[in-house]
Amino acid sequence: MTGRSVYLDTSAILKRYLDEEGSDVVKELFRDAYRGEVKLAFSFWNIGEVIGTLDKRLRRGQLGRDEFDFLKKGFLAEVKRFTRLGVLEVVPVHSLILADAWKLIEKYHLYQADALQMVSAKYVGVESFYTADKRLHRAAMEEGLNSILLGGD
């Protein structure tokens, strides 16, 4: 794999599975990863956040049970497949990463999950950081990450 490396936060990952503004960009990144042109990265934390967001949509009636099951299984299958192909790095959540995230929580007044995203992206040395969160995008830019805003909250 000789392509570029990109980090996807939860809001970006979800655009792969839900039709939202910016979905076309994320779907293209996944296609490029299948071709070995891009290496994706996200935190182990994101897996639970993606499932939690899908579950929230199920509880709110925005997804039916069959659609929820289909999206969840598809996401988890892609995580396994991409990891086996070597085009996805799932960043572990460990004490050193969390401790670095705490500094960003205070500096930018972020949620721990958002700070964890930035630290994880730096940890693996990605070239680009994709998010749909404007506040996280601004903080990521200030931290020197090449953040790409997908349009969103």
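Every value quoted in this text rests on a predicted model; they were computed, and no experiment measured them. (Residues numbered from 1 in each chain as written. Predicted model: local features only at pLDDT ≥ 70, side-chain atom pairs only at ≥ 80, totals over all residues. Heavy atoms only, no water.)

Draft legend 1. Fine view of the overall build of the protein chain. Each helix and strand counted, the protein chain has 7 helices and 5 strands in total. Helices and strands in the protein chain line up, N terminus first, as β-α-α-β-α-α-β-α-α-β-α-β. Over its C-alpha trace the protein chain gives a radius of gyration of 15 Å, about what one expects of a compact globule, namely 15 Å for 153 residues. By principal-axis analysis of the C-alpha atoms, the protein chain measures approximately 40 × 40 × 30 Å. For the protein chain, contacts bridging at least 24 residues in sequence account for 61% of all contacts bridging at least 6. (Helix = DSSP H or I, 4+ residues; strand = E, 2+ residues; numbered from the N terminus. Rg over C-alpha atoms; globule rule 2.2 N^0.38 Å. Contact = heavy atoms within 4.5 Å.)

Draft legend 2. Here's a closer look at the packing of helix 1 (residues 10–17) against helix 4 (residues 65–85). Contact pair helix 1 / helix 4: the axes reach a minimum separation of 10 Å and the direction vectors enclose 115°. By the criterion of interaxial angle, the relationship of helix 1 to helix 4 is roughly perpendicular. For the crossing formed where helix 1 meets helix 4, the hand is right-handed. Packed against helix 1, whose contacting residues are Ile13, Arg16 and Tyr17, the element helix 4 presents Leu71, Gly74, Phe75 and Glu78 at the interface. Partitioning the contact of helix 1 with helix 4 into residue classes produces 4 nonpolar, 1 polar and 2 charged. (Axes fitted to C-alpha atoms, helices over the stretch in contact; angles between N-to-C directions. Parallel < 35°, antiparallel > 145°, perpendicular 65-115°, else oblique. Left-handed = near helix turned anticlockwise from the far one by under 90°. Nonpolar A, V, L, I, M, F, W, Y, C, P; charged D, E, K, R; others polar.)

Draft legend 3. Examining the pairing of strand 4 (residues 128–131) more closely. Burial along strand 4 is two-sided: the residues Ser128 and Tyr130 and Phe129 and Thr131 are all buried. Here strand 1 (residues 4–8) pairs with strand 4 via 3 bridges, running parallel. Bridge pairing links Tyr7 to Phe129 in strand 4. The pairing of strand 4 with strand 5 (residues 147–149) spans 3 bridges and is parallel. Bridging across to strand 5, Phe129 finds its partner in Ser147. Regarding topology, helix 7 (residues 134–142) serves as the crossover connection from strand 4 to the parallel strand 5, and that connection is right-handed. (Buried < 20%, exposed > 50% of the residue type's maximum accessible area, 1.4 Å probe, protein only. Pairing = 2+ DSSP bridges. Right-handed = clockwise from strand over helix to strand, strands pointing away.)

Draft legend 4. Here's a closer look at the sheet that holds strand 2 (residues 38–43). In space, the 5 strands of this open sheet follow the order 3-2-1-4-5, with parallel pairing throughout. Since the sheet does not close on itself, it has two edges, and those belong to strand 3 (88–91) and strand 5, each with one partner. Geometrically, the sheet is characterised by an average inter-axis angle of 25° between neighbouring strands, direction not taken into account. The sheet strands contacting helix 2 (residues 23–34) are strand 1, strand 2 and strand 4, and the helix crosses strand 2 at an angle near 115°.

Draft legend 5. View of the pattern of salt bridges. All told, the structure shown has 11 salt bridges when counted by the stated rule. A salt bridge links Asp55 to Arg59; the nearest nitrogen and oxygen atoms lie 3.0 Å apart. Of this pair, Asp55 and Arg59 both sit in helix 3 (residues 44–59), 4 residues apart, which is roughly one turn of that helix. We classify Asp55 as partly exposed; its relative accessible area is 29%. For Arg59, a relative accessible area of 59% puts it in the exposed group. When the shortest N-O distance is used, the salt bridge between Arg65 and Asp69 registers 3.4 Å. (Salt bridge = Lys/Arg side-chain N within 4 Å of Asp/Glu carboxyl O.)

Draft legend 6. Region of the structure containing the packing of aromatic side chains. Tallying each qualifying case throughout the model produces 6 aromatic pairs. For the ring pair Tyr17 and Phe30, a centre distance of 6.3 Å and an interplane angle of 80° mean the geometry is edge-to-face. Of this pair, Tyr17 sits in helix 1 while Phe30 sits in helix 2, placing them 13 residues apart in sequence. Neither Tyr17 nor Phe30 differs from the other in exposure class; each is buried. Here the aromatic residues Tyr17, Phe30, Tyr34, Phe42, Phe75 and Phe82 are joined through ring pairs into a cluster of three or more. Over the ring of Tyr17 we find Arg16, and its NZ or CZ is 6.0 Å from the ring centre. (Phe/Tyr/Trp six-rings, centres within 6.5 Å; stacked < 30°, edge-to-face > 60°. Lys NZ or Arg CZ within 6 Å of the ring centre and 35° of its normal.)

Just distances and angles here, no functional claims.
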